[in-house]
Amino acid sequence: MASEAPTDPLLRIIRHNLFAAIGALAMLAFVYAIAVRSGWVLVLIAIICGVVALLTSAWRQARAGRRARAVGLSCAANLGSAPFIVAIVPEVLTPLALVVVLQVVLATDFLSQRQFTVVVSSAFAS
């Protein structure tokens, strides 16, 4: 029996975010192996590995029904990594601004007012 695709919007968002991070990790590993042997690429790979680990944990929390914790982990993964990635590669500032907005939109339905205030403050800080 084939598994059904998750219809929950939170699971779908986390899954797509996780696939994007895994794709970025594969692309960076390919770039490092073929073209650019730089320590900065290794730093980016380490950051993205942390993002993948946090998003995998968020996926598990969302599947277990702990939605606020899943949103918090997803926000921590993206908002925590964005300033470091922009510091290394300033050209990605514009796309990562959309990632920051996505985290705020994601958090609106699943967090308490206090938790939402923390997410919005983190978004402004990054």
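Residues numbered from 1 in each chain as written. Predicted model: local features only at pLDDT ≥ 70, side-chain atom pairs only at ≥ 80, totals over all residues. Heavy atoms only, no water.

Peer 1: What exactly am I supposed to notice about the side chain of Ser-74 here?
Peer 2: Here Ser-74 lies in helix α3 (residues 67–88). Given the relative accessible area of 0%, Ser-74 is considered buried. Residues contacting Ser-74, with those up to four places away along its chain left out, are Ile-14, Asn-17, Leu-55, Ala-58, Gln-103 and Leu-106. (Helix = DSSP H or I, 4+ residues; strand = E, 2+ residues; numbered from the N terminus. Buried < 20%, exposed > 50% of the residue type's maximum accessible area, 1.4 Å probe, protein only. Contact = heavy atoms within 4.5 Å.)

Peer 1: Which parts of the structure should I look at to understand the packing of aromatic side chains?
Peer 2: Ring pairs (aromatic) are described by centroid distance and by the angle formed between their planes. In total, this model carries zero aromatic pairs according to the counting rule given. Sitting over the face of the ring of Tyr-32, Arg-37 holds its NZ or CZ atom 5.1 Å from the ring centroid. (Phe/Tyr/Trp six-rings, centres within 6.5 Å; stacked < 30°, edge-to-face > 60°. Lys NZ or Arg CZ within 6 Å of the ring centre and 35° of its normal.)

Peer 1: How should I be thinking about the side chain of Ser-81 in this particular structure?
Peer 2: Looking at the element boundaries, Ser-81 is found in helix α3. At 3.3 Å, the side chain of Ser-81 forms a polar contact with the backbone oxygen of Asn-78. With residues up to four places along the chain from it excluded, the contact list for Ser-81 reads Ile-47, Val-51 and Ala-76. (Polar contact = N/O pair within 3.5 Å; in protein donor to acceptor, adjacent residues only side chain to side chain.)

Peer 1: Sorry if this is basic, but what is going on with helix α2 (residues 39–63) here?
Peer 2: In an α-helix, one turn spans 3.6 residues, which is why side chains three or four residues apart end up on the same side. Here α2 is 25 residues long and its end C-alpha atoms lie 36 Å apart, about the 36 Å a rise of 1.5 Å per residue gives. Considered for burial, the residues of α2 that qualify are Val-41, Leu-44, Ile-45, Ile-47, Ile-48, Val-51, Val-52, Leu-55, Ala-58, Gln-61 and Ala-62. For α2, the secondary structure elements touched by its buried residues are α1 (9–34) and α3. Gly-65 sits one or two positions beyond α2 and adopts a positive phi of about 95°. (Expected span 1.5 Å × (residues − 1).)

Peer 1: It is not clear to me how the environment of Val-104 should be interpreted in this structure. Could you clarify?
Peer 2: Of note, Val-104 is situated in helix α4 (residues 93–107). C-alpha separation for the pair Val-104 and Val-120, spaced 16 residues apart in sequence, amounts to 6.2 Å. Contact partners of Val-104, with chain neighbours within four places excluded, come to Phe-116, Val-119, Val-120 and Ala-123.

Any functional reading would require information that these geometric values do not contain.
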